[in-house]
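Single-letter residue listing:
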Amino acid sequence: MTGAEDVPAPPGGKLRVDKWLWQARFFKTRSLAAKVVSGGHVRLNGARIAKPAVAVGAGDVLTFPQARDVRVVRIVALGERRGPAPEARGLYDDLSPPEPRAPDPSRPVASAGGRPTKKARRQLDQTRGEALE
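Residues numbered from 1 in each chain as written. Predicted model: local features only at pLDDT ≥ 70, side-chain atom pairs only at ≥ 80, totals over all residues. Heavy atoms only, no water.

A. Main features of the packing of aromatic side chains. Summed over the entire model, instances satisfying the criterion amount to five aromatic pairs. Between the aromatic rings of Trp20 and Phe26, the centroid separation amounts to 6.0 Å while the plane-to-plane angle is 35 degrees, which identifies the pairing as tilted. Since its relative accessible area comes to 0%, Trp20 is described here as buried. Every member of this aromatic cluster is reached through a ring pair, and the members are Trp20, Phe26, Phe27, Phe64 and Tyr92. (Phe/Tyr/Trp six-rings, centres within 6.5 Å; stacked < 30°, edge-to-face > 60°. Buried < 20%, exposed > 50% of the residue type's maximum accessible area, 1.4 Å probe, protein only.)

Written out as structure tokens, the structure is:
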């Protein structure tokens, strides 16, 4: 194999930020990680970075968006490869545990009984029809 993923970490203990984010399984592909970094959405030790080739090492703190959350992680180790999820979790300390989300107000909340029966639906239609008149 001649892929860039097979190249070992540099001897100085540094690794490209896009490659580390990919190895730690924060992004599905390395190109997605590079796109987020290039967009200026990643902070390294509080400073905004815009190049995926910025080197990171153990002890650095990364702040970046993931889905609807903002993740803050401290790099504990550099990965040798993109391994299984338990191995990837050992590469970082999560400094921002996920907070329980409030329900989305734009989505309707299901009633305790679920969908109305045919009889209940007719009654709803009747009351709505009377309210419109």
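B. Unusual backbone geometry, seen in detail. Despite not being glycine, Asn45 has its phi angle at roughly 55 degrees, a positive value. Tracing the sequence through the fold places Asn45 in the loop between strand 2 (42-44) and strand 3 (47-49). At Ala67, a position not held by glycine, the phi torsion is positive, near 60 degrees. Locating Ala67 in the fold gives a position in the loop between strand 5 (61-66) and strand 6 (69-75). Among the residues examined, Ala67 registers a relative accessible area of 77% and is labelled exposed. (Helix = DSSP H or I, 4+ residues; strand = E, 2+ residues; numbered from the N terminus.)

C. Layout of the sheet that holds strand 3. With antiparallel pairing, five strands are arranged side by side in an open sheet as 3-2-5-6-7. Pairing within the sheet leaves two strands with one partner each, and these edge strands are strand 3 and strand 7 (92-94). Mean inter-strand twist for the sheet, computed between neighbouring axes without regard to direction, equals 30 degrees. Where strand 2 and strand 5 come together, two bridges link them in antiparallel fashion. Counterpart to Leu44 in the pairing with strand 5 is Leu62. (Pairing = 2+ DSSP bridges. Axes fitted to C-alpha atoms, helices over the stretch in contact; angles between N-to-C directions.)

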